[in-house]
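Here's the letter readout for the chains.
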Amino acid sequence: MKRAIQDVLAAAGMMSIVLFSSVGLAKDEGRTRLECGKSGAYDTSMSARYEVRDGREKFDVSFEAAPTGYFFSGQELDVHVDYVFVGKMMLRYVGFDLQGDLEFDTNIDGANDDSVPFPEDFPSVERGTHVTVGYLGCSL
């Protein structure tokens, strides 16, 4: 009986690893990174990442969908952080998939990408902060 309970507990531990594998946290001296991801219906997925390094903050969220007819090029998706609207992303074809990105950075002058400044009402981000893009969401 004791062995059976240990086996069940071990299996439950493995299940929790599988269920939460899309959430990440990296923290070392001078750097924090929180990330999460979610897959959904219509062959879609989203990912979000928040990083602080040497006082610089970066946040990015992306969305990808197969062109199944539900999503289309030029479609705009709302992005929310802890249920606060922070911006929109536009889907575009990249290869055979539709993709969209939204990136914020406190160091725009040094950014070599499409980052924009953080909105004034951008909520504080910590472990457990909820991010949604379109109908998909995950917690950092």
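Before reading further, recall that the structure is shown in the block above.
The structure reproduced in this document is the subject of the present report. Bear in mind that the values here come from a model prediction, so they are computed numbers and not experimental data.

1. Focus on the overall build of the protein chain
Moving on, step 1. Within the protein chain, the regular secondary structure consists of one helix and ten strands.
Moving on, step 2. For the protein chain, the succession of helices and strands along the chain, N to C, is α-β-β-β-β-β-β-β-β-β-β.
Moving on, step 3. Across the 140 residues of the protein chain, 31% fall into the buried class.
Moving on, step 4. Element-wise, carbon and sulfur atoms account for 52% of the exposed surface of the protein chain, whose accessible area totals about 8,800 Å².

2. Describing the pattern of salt bridges
Side chains carrying opposite charge are able to pair once their charged atoms draw close together.
Moving on, step 1. Summed over all chains, the structure comprises six salt bridges.
Moving on, step 2. A salt bridge links R53 to E51, with the nearest nitrogen and oxygen atoms 3.3 Å apart.
Moving on, step 3. Judged by its relative accessible area of 42%, R53 is partly exposed.
Moving on, step 4. A relative accessible area of 7% places E51 in the buried class.
Moving on, step 5. D78 is the partner of K88 in a salt bridge, and the nearest nitrogen-oxygen pair spans 2.6 Å. Here D78 lies in strand β5 (residues 76-81) and K88 lies in strand β6 (residues 84-90), a separation of ten residues in the sequence.
Moving on, step 6. When its relative accessible area of 30% is taken as the criterion, D78 is described as partly exposed.
Moving on, step 7. Where salt bridges share partners, they join R31, E51 and R53 into one cluster.

3. What about the nonpolar core?
Moving on, step 1. Core analysis: the biggest nonpolar cluster contains 27 residues, and F59, V61 and F63 have the highest contact counts within it.
Moving on, step 2. At the level of elements, β2 (31-40), β3 (44-53), β4 (56-65), β5, β6, β8 (97-105), β9 (130-133) and β10 (136-139) are the ones that each hand at least two residues to this core.
Moving on, step 3. With four residues, the single largest contributor to this core is β4.
Moving on, step 4. Residue contacts for V61: discarding those within four places in its chain leaves M46, S47, A48, V79, M89, G100, D101, L102, V131 and V133.

4. Some remarks on the sheet that holds β5
Moving on, step 1. Here four strands make up an open sheet; going across it, the order is β6-β5-β9-β10 and the pairing antiparallel. The open sheet has two edge strands, β6 and β10, and neither has a second partner. Taking the axes of each pair of neighbouring strands and ignoring which way they run, one obtains an average angle of 20 degrees across the sheet.
Moving on, step 2. Pairing of β5 with β9 involves three bridges; the strand directions are antiparallel.

5. Here's the deal with the side chain of T44
Moving on, step 1. Within the secondary structure, T44 sits in strand β3.
Moving on, step 2. For T44, a relative accessible area of 5% translates into the label buried.
Moving on, step 3. A polar atom in the side chain of T44 sits 2.4 Å from the side chain of Y135.
Moving on, step 4. Setting aside residues no more than four positions away along its own chain, T44 makes contact with K38, S39, F63, E64, A65, F71, Y135 and L136.

6. Re unusual backbone geometry
Moving on, step 1. With a phi close to 55 degrees, D43 is a non-glycine residue in the positive phi region.
Moving on, step 2. Looking at the secondary structure, you find D43 in the loop between β2 and β3.
Moving on, step 3. Despite not being glycine, D82 shows a phi value in the positive range, around 50 degrees.
Moving on, step 4. As for its placement among the helices and strands, D82 is situated in the loop between β5 and β6.

Cut-offs and rules
Residues numbered from 1 in each chain as written. Predicted model: local features only at pLDDT ≥ 70, side-chain atom pairs only at ≥ 80, totals over all residues. Heavy atoms only, no water. Helix = DSSP H or I, 4+ residues; strand = E, 2+ residues; numbered from the N terminus. Buried < 20%, exposed > 50% of the residue type's maximum accessible area, 1.4 Å probe, protein only. Areas by Shrake-Rupley, 256 points an atom, 1.4 Å probe, with all protein chains shown as cover. Salt bridge = Lys/Arg side-chain N within 4 Å of Asp/Glu carboxyl O. Core = buried A, V, L, I, M, F, W, Y, C linked by side-chain atoms within 4.5 Å. Contact = heavy atoms within 4.5 Å. Pairing = 2+ DSSP bridges. Axes fitted to C-alpha atoms, helices over the stretch in contact; angles between N-to-C directions. Polar contact = N/O pair within 3.5 Å; in protein donor to acceptor, adjacent residues only side chain to side chain.

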